Amino acid sequence: MKGFYNPFLSLFKLHFNVLLIFQICCIVSLNAQDIDAGASLYKANCTSCHYMGPYEKKLIGPGLNAEILEKYSREWLYDWIRNSSELIESGDKQAVAIYEEFNKAVMTAFPQFSNEDIDNILAYIEQGPEEEVVEIAAVESVEAPETNQTTLFIVLALVLGNLMLLIYVKNVLKTAAGEKKVGFFSSALSWVRLNPSFVILFSVVFVFAGMKGCWNSLSKVGVAQNYQPDQPIAFSHQLHAGEQGIDCNYCHHSARESAHSGIPSANVCMNCHTHINEGRSEEGTKEINKIYAALGFDPNSKTYIPGYEQKPIEWVRIHNLPDLAYFNHAQHVNVAGLECQTCHGEVEEMEVAYQHSKLTMGWCINCHRETEIDLDNPYYHDLHANWIDKYHGEEITVDMIGGRECAKCHY
Ligand code: HEC
Ligand code: HEC
Ligand code: HEC
Ligand code: HEC
Ligand code: HEC
Ligand code: HEC
């Protein structure tokens, strides 16, 4: 009977490392989905129609969250995202059902996406909006890299766990085959002795992961790129600045005149919403009613309720440099003539506003190093004439006029 196990044992011994490598590859490939890549694809292509969150939070389509991965097979999702109309026409029950539910609204086709692209998007949807990550780390808000970090450690833990399991199985086989059973630790030790390269590789990966972790937490203090908090009223830039074409300055006029750009008060909303009291949907109307609730406005009689205690709408601040840094909007918008979009991205396409740029010191300085100042700007003729003399005929970038001096950006 014991002889029966011998071939298994020698096979197992012979292929021990092959098994281990195979398992490591499986684990690593499971984790290979790139959430960051998925996030940018999602933001560029899906946010205009899908809120990320509960199904009930409908924009053009339903809210998307991890549940779609249970509701549909991956193959179905590939087909749907690449060309939903085709799937609906083929008579697929699930496709027809969701299409009917949304009054036959048509989702854009994305034939250009590979399976991998879609896997990345789905991994991002599964993870959920970054806001949660940022909230947990609100003090030193650090986003996605932190998750990658954790994944790396999980992978390493899994690999070590696997090694233990394999050694255990080997021992069981040994006992069955009647060979002398070796203790767990001495067996692990002899594996280490036989496979020094493995051990070195593990240690190197571990040390690097640790170093990367330290580096990230040092260089990412206060960074919250892509931060997209829920707002007290579902205000859509896509609708107002995009579809309705309302100029940014209508609501953020102080961006041109002062250091701060500011958020408009509810009274600015009332310039239009005194009359516009219905949204695109029932939900939209509910959101508009929140403006009235803040101000004590009765939309039926179109009057303000006397003695009503008005309360400001508490918008959640998205962009927020640490106190040690100073940034001036007027200087960049008026003097430098930069577009809002250069720093804030295509805000007019955002259904829910988020932080587009990193807002790190490196980000500020990089732009200062690369951007030439506009010498035709009257501002420079009056105030900066001496630079024009000094650098006669040369290109002058912002860092040459002091855009890299610590005191310009730090109090
Ligand atoms: C132009 C608007 C639009 C865009 C852009 C869009 N969708 Fe959709 N999506 C819809 C609509 C509308 C539905 C509901 C089904 C229908 O009417 O076709 C839907 C349904 C879905 C569903 C099924 C959800 C469920 O719970 O049944 C998934 C998954 C989905 N979309 C994923 C995506 C992804 C991923 C992207 C970005 C790559 C995207 N959509 C971009 C409009 C859009
Ligand atoms: C109808 C008024 C209105 C218009 C027009 C408008 N915004 Fe806004 N904006 C708001 C409101 C209200 C908020 C706060 C709620 C939110 O974040 O969505 C806001 C928030 C922002 C924020 C984030 C502020 C923060 O908390 O850090 C930026 C950046 C921004 N707007 C840029 C723009 C740009 C660029 C345009 C033009 C393309 C624009 N806005 C047009 C009303 C407006
Ligand atoms: C210059 C005019 C104008 C201003 C100012 C304005 N809005 Fe609107 N708003 C509109 C229009 C137009 C609609 C679309 C109504 C529709 O399509 O039914 C709208 C719709 C809305 C909706 C409903 C969206 C939906 O999905 O149905 C909300 C919520 C809203 N606005 C909030 C605000 C807030 C908050 C402010 C102030 C920060 C504001 N608006 C300022 C013109 C304006
Ligand atoms: C050179 C880059 C840059 C440009 C151009 C720019 N912003 Fe900003 N914006 C920032 C930074 C950085 C912050 C964060 C400021 C802080 O926290 O003190 C910010 C913050 C904001 C805020 C939040 C409120 C505040 O003042 O802190 C709003 C709203 C805003 N910007 C709107 C605009 C609008 C509208 C324009 C175009 C007229 C614009 N920005 C152009 C970099 C820029
Ligand atoms: C063009 C503007 C700009 C200049 C010039 C600048 N800084 Fe900064 N600095 C920032 C901003 C914005 C932040 C905050 C963002 C962040 O945390 O990365 C910051 C953050 C810092 C921090 C906090 C640590 C950190 O990474 O958050 C230190 C320390 C610092 N700067 C030192 C300096 C020194 C020293 C100089 C001169 C050699 C300098 N800065 C020049 C914009 C600038
Ligand atoms: C997209 C490019 C861009 C980005 C990003 C940018 N700046 Fe600037 N910045 C400029 C330009 C162009 C000027 C030149 C205007 C002038 O001379 O006043 C300037 C000028 C300045 C000045 C005045 C320099 C001087 O010597 O007068 C300060 C201070 C400044 N920026 C701070 C910041 C800070 C802080 C950040 C990051 C939070 C930042 N900038 C991000 C383009 C940028």
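Calculation notes
Residues numbered from 1 in each chain as written. Chains lettered and ligands numbered in written order. Predicted model: local features only at pLDDT ≥ 70, side-chain atom pairs only at ≥ 80, totals over all residues. Heavy atoms only, no water. Helix = DSSP H or I, 4+ residues; strand = E, 2+ residues; numbered from the N terminus. Contact = heavy atoms within 4.5 Å. Areas by Shrake-Rupley, 256 points an atom, 1.4 Å probe, with all protein chains shown as cover. Patch = residues over 30% accessible without salt bridge, like charges linked within 9 Å, V, L, I, M, F, W, Y side chains within 5 Å. Salt bridge = Lys/Arg side-chain N within 4 Å of Asp/Glu carboxyl O. Donors = N, O, S within 2.8 Å, 3.2 Å for Na, K, Ca; no water. Tetrahedral: all angles 85-135°; square planar, octahedral: opposite > 155°, others 65-115°. Buried < 20%, exposed > 50% of the residue type's maximum accessible area, 1.4 Å probe, protein only. Near = heavy atom within 4 Å. Polar contact = N/O pair within 3.5 Å; in protein donor to acceptor, adjacent residues only side chain to side chain. Expected span 1.5 Å × (residues − 1).

(A) Quick peek at the overall build of the chain. Of regular secondary structure, the chain possesses 23 helices and two strands. Within the chain, contacts between residues at least 6 apart in sequence are counted, and of these 65% link residues at least 24 apart. Only carbon and sulfur atoms are counted for the fraction: they give 60% of the accessible area of the chain, which is about 25,200 Å².

(B) View of a nonpolar patch on the surface. A cluster of nonpolar side chains, contributed by Met-164, Leu-165, Tyr-168, Val-169, Val-172, Phe-184 and Phe-185, occupies part of the molecular surface with about 710 Å² of accessible area. For the nonpolar patch, the elements supplying multiple residues, two or more each, are helix 10 (145–177) and helix 11 (184–194). When residues in the nonpolar patch are grouped by element, the largest group, five residues, is from helix 10. Positionally, Leu-165 belongs in helix 10.

(C) Representation of the coordination of the iron atom of ligand 6 in the model. Looking at the iron atom of ligand 6, one finds its protein donor set to be His-332 (NE2) and His-368 (NE2), positioned 1.9 Å from the metal centre. Classification of the site at the iron atom of ligand 6 rests on its six donor atoms, whose angles at the metal span 88 to 180 degrees, yielding the label octahedral. In this pair, His-332 is assigned in helix 18 (residues 329–335) and His-368 in helix 20 (residues 361–370), connecting sequence segments 36 residues apart. Of the residues examined, His-332 reaches a relative accessible area of 22% and is grouped as partly exposed.

(D) Up close: the site of ligand 1. Around ligand 1, the surrounding shell holds 24 residues, and the nearest of these are Cys-46, Cys-49, His-50, Tyr-72 and Met-107. Measuring from an oxygen atom of ligand 1, one finds a side-chain N or O atom of Lys-71 at 2.9 Å. One nitrogen or oxygen atom from the side chain of Tyr-72 is found 2.4 Å from an oxygen atom belonging to ligand 1. Elements with a minimum of two residues in the shell around ligand 1: helix 4 (68–71), helix 5 (74–82) and helix 7 (93–101). The greatest single-element share of the shell around ligand 1, amounting to three residues, is contributed by helix 5.

(E) Examining the site of ligand 2 more closely. Close to ligand 2 lie 22 residues, the nearest being His-237, Cys-248, Cys-251, His-252 and His-319. At 2.8 Å from a nitrogen atom of ligand 2 is found a side-chain nitrogen or oxygen belonging to His-237. In the environment of ligand 2, an oxygen atom lies 2.8 Å from a nitrogen or oxygen atom belonging to the backbone of Ile-318. Among the elements that take part in the shell around ligand 2, helix 19 (residues 340–344) stands out by supplying three residues, more than any other.

(F) Spatial organisation of helix 5. Buried residues of helix 5: Trp-76, Leu-77, Tyr-78, Trp-80 and Ile-81, and no others. Against helix 4, helix 6 (84–89), helix 7 and helix 8 (115–127) lie the buried residues of helix 5.

(G) Expanded view of helix 8. Compared with an ideal rise of 1.5 Å per residue, which puts 13 residues at 18 Å, helix 8 spans 18 Å between its outermost C-alpha atoms and is within 8% of the ideal. Taken residue by residue, helix 8 has Ile-118, Asp-119, Asn-120, Ile-121, Leu-122, Ala-123, Tyr-124 and Ile-125 as its buried positions. Looking at the buried residues of helix 8, the elements they touch are helix 3 (35–45), helix 4 and helix 5. Phi for Gly-128, located one or two positions after helix 8, is positive at around 90 degrees.

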